[in-house]
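# Topology and contacts: notes
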Amino acid sequence: MKKLFLSAAVLALCLPAQAQTTDHAASEAAIRKLSAGFAEAWAKDDAKAMAAFWAPDGDLINPWLRVAKGPAEIEKLFQDEHSTVFKGTTYELKVTGVRFLGPDVAIGDWDSTITGMKAPDGTALPPMPPHHVTIVLQRKAGKWWIEAARPVIAPPPPPK
């Protein structure tokens, strides 16, 4: 009887950890899918679809420090960018990490490159320097949303 009780107690202690690990795996897969969807919307110059990944109270500060709060402002930011230099570009991103701060909050890291930019006169521009994006995500009603995004273009390293 003691062995049965001990086995049940050990199993009970292990189940929540297993459930959390499984949930994190499913959540990470959903976050990776969200990330891929963002890159697909970018390739279509679809500002509305890009902004749809943000929570209603989410925000974005682009590398040039333009602040957009809420999907309407975020959509306008993407619309402005994709009617000029980013029109027709490719956004390649690699999810380099997902860290869970709780069951419904995560931080994601993307390493990204933008190619295919053109100057106002139509001449090709070199790829944008690789940049890093940190996103804060929250799951609400079973769906992951971007709450905040901070893309950063690294300056050249200091001389040695």
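Small disclaimer: the values here were computed from a predicted structure and weren't measured.

Another point: the overall build of the protein. Along the backbone of the protein there are three helices and six strands. For the protein, the succession of helices and strands along the chain, N to C, is α-α-β-β-α-β-β-β-β. Counting all 160 residues of the protein, 33% fall into the buried class. Within the protein, residue pairs in contact and separated by at least 24 positions form 49% of the contacts whose partners lie at least 6 positions apart. When the accessible surface of the protein is totalled, it reaches about 9,800 Å², and 65% of it is carbon and sulfur.

One open sheet holds the six strands; their spatial order is E2-E1-E6-E5-E4-E3, and the pairing between them is mixed. Of all strands in the sheet, those bounded by a partner on one side alone are strand E2 (67-69) and strand E3 (90-102). On average, adjacent strands in this sheet sit at an angle of 15° to one another, irrespective of strand direction. Relative to strand E5 (residues 131-140), strand E4 (residues 105-115) is paired through eight bridges, and the arrangement is antiparallel.

Mean pLDDT for the protein: 88, with 86% of residues reaching 70 or above. The low-confidence segment residues 4-20 (pLDDT under 50) makes zero contacts with residues lying over four places distant or belonging to another chain.

What counts and what doesn't
Residues numbered from 1 in each chain as written. Predicted model: local features only at pLDDT ≥ 70, side-chain atom pairs only at ≥ 80, totals over all residues. Heavy atoms only, no water. Helix = DSSP H or I, 4+ residues; strand = E, 2+ residues; numbered from the N terminus. Buried < 20%, exposed > 50% of the residue type's maximum accessible area, 1.4 Å probe, protein only. Contact = heavy atoms within 4.5 Å. Areas by Shrake-Rupley, 256 points an atom, 1.4 Å probe, with all protein chains shown as cover. Pairing = 2+ DSSP bridges. Axes fitted to C-alpha atoms, helices over the stretch in contact; angles between N-to-C directions. pLDDT = per-residue confidence, 0-100.

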